[in-house]
Amino acid sequence: VGANPWMPEHAVTGVELAGVGLGRLGWSAGVAENATPDMDDRKDLYGRIEYKLGGMRLDGVEAAAGSAAWRERSLTVGASAWSRRSAILGPTGAHLHDDDFVRAGVDLHALVDDFLLDLVAVRQMHDAPTAKADAGQTVDLALAELTWMVHAAFFPSLRAEVSRLTAADDTDTTWLATLQATAVLRPNVVLRAQGNVGAVGHGDPGFRSAVLALSTAF
């Protein structure tokens, strides 16, 4: 968002506490180092809470034996939040001001036998992510994904994503739809076919793409 350099880091130093209460209530909370230079005094704060209805409890109790390990009927509802401060720098590297933001969202994961549904909605609110100290911006994100577990070695999925950036005088919407089929040819060997269609907003033309990937891991 603007000049704010925040992104989920591949690796960051921090400490996290997590646990399960009453068998079905899961929670986590953490403090992480700020990846922005000269912002060591302001740590990132984040947390998550979720509750699972039906199916195997989060502590592993009440598991139901079935013909496939993933099969159950359950609904998990969660909420999460992330708080962070970034330094906004000018063209010469001078510190212009700070941008505080809060990222909060809710999510739902439903499992009905061989069908998995994930829904996510997130709002990210910035105080001043650009060179203008009083120009706030908001990003709304939404995701929906449906997966059909035809077999442990074959599962197609359909996914839709949309994001909308709202500033004082502008709104920009980006969206992406993906149809994907994954086949596990043998342990650690995966073949994936994927087709995408989407648009990046601001009047730019839409795009289509297709990917066929073979991957292996050891």
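Here the structure is a predicted model, which is why all the values come from computation and not from measurement.

Some points on the overall build of the protein
The number of helices and strands found in the protein is 0 helices and 11 strands. Traced from its N-terminal end to its C-terminal end, the protein shows the element sequence β-β-β-β-β-β-β-β-β-β-β. Considering only C-alpha atoms, the protein reaches an extent of 60 × 45 × 35 Å along its principal axes. The burial tally for the protein puts 27% of its 218 residues in the buried class.

A look at the sheet that holds strand 5 (residues 95–112)
Taken in spatial order, the 11 strands line up as 1-2-3-4-5-6-7-8-9-10-11 in an open sheet, and their pairing is antiparallel. Taken across any chain shown, the strands that pair with only one partner, and hence form the sheet edges, are strand 1 (14–21) and strand 11 (207–216). Neighbour-to-neighbour, the strand axes of the sheet open up by a mean angle of 10 degrees, direction not taken into account. Direction of pairing for strand 7 (residues 137–148) relative to strand 8 (residues 154–166): antiparallel, over a ladder of 10 bridges. Looking across to strand 8, one finds that D140 is bridged to R164.

What about unusual backbone geometry?
Of note, the phi angle at L22 is positive, near 60 degrees, even though the residue is not glycine. Looking at the element boundaries, L22 is found in the loop between strand 1 and strand 2 (25–32).

Let's talk about the side chain of D140
With respect to the element layout, D140 can be found in strand 7. D140 has contacts with V122, R123, V162, S163 and R164, leaving out every residue within four places of it along the chain.

Structural notes on the environment of W6
You can see W6 is positioned in the segment before strand 1. Residue class for W6 comes out buried when judged on its relative accessible area of 14%. Once residues within four sequence positions are removed from consideration, W6 is found in contact with D44, W82, R84, S86, F101, R103 and Q124.

Focus: the layout of surface pockets
Empty pockets left among the atoms are what a rolling probe the size of a water molecule brings to light. Considered as a void within the structure, the largest pocket measures approximately 270 Å³ in volume. Lining of the largest pocket is provided by 16 residues; of these, S80, A81, W82, R103 and V122 occupy positions nearest its centre. Elements represented by at least two residues in the lining of the largest pocket include exactly strand 3 (44–54), strand 4 (73–89), strand 5 and strand 6 (115–126). The element that contributes the greatest number of residues to the lining of the largest pocket is strand 5, accounting for 5 residues. Broken down by class, the residue content of the lining of the largest pocket amounts to 10 nonpolar, 3 polar and 3 charged. Looking at the lining of the second largest pocket, the elements with two or more residues in it are strand 6, strand 7, strand 8 and strand 9 (171–186). If you tally residues by element for the lining of the second largest pocket, the top one is strand 8, at 4 residues. Across the lining of the second largest pocket, the residue classes break down as 8 nonpolar, 2 polar and 2 charged.

What counts, and at which threshold
Residues numbered from 1 in each chain as written. Predicted model: local features only at pLDDT ≥ 70, side-chain atom pairs only at ≥ 80, totals over all residues. Heavy atoms only, no water. Helix = DSSP H or I, 4+ residues; strand = E, 2+ residues; numbered from the N terminus. Buried < 20%, exposed > 50% of the residue type's maximum accessible area, 1.4 Å probe, protein only. Pairing = 2+ DSSP bridges. Axes fitted to C-alpha atoms, helices over the stretch in contact; angles between N-to-C directions. Contact = heavy atoms within 4.5 Å. 1 Å grid on protein atoms, 1.4 Å probe; cavity = no way out; pocket = protein on both sides within 12 Å on 5 of 7 lines; lining within 4 Å. Points joined across faces, edges and corners; volume = space filled by probe spheres on them. Nonpolar A, V, L, I, M, F, W, Y, C, P; charged D, E, K, R; others polar.

Remember, this is a structural readout, not a statement about activity or role.
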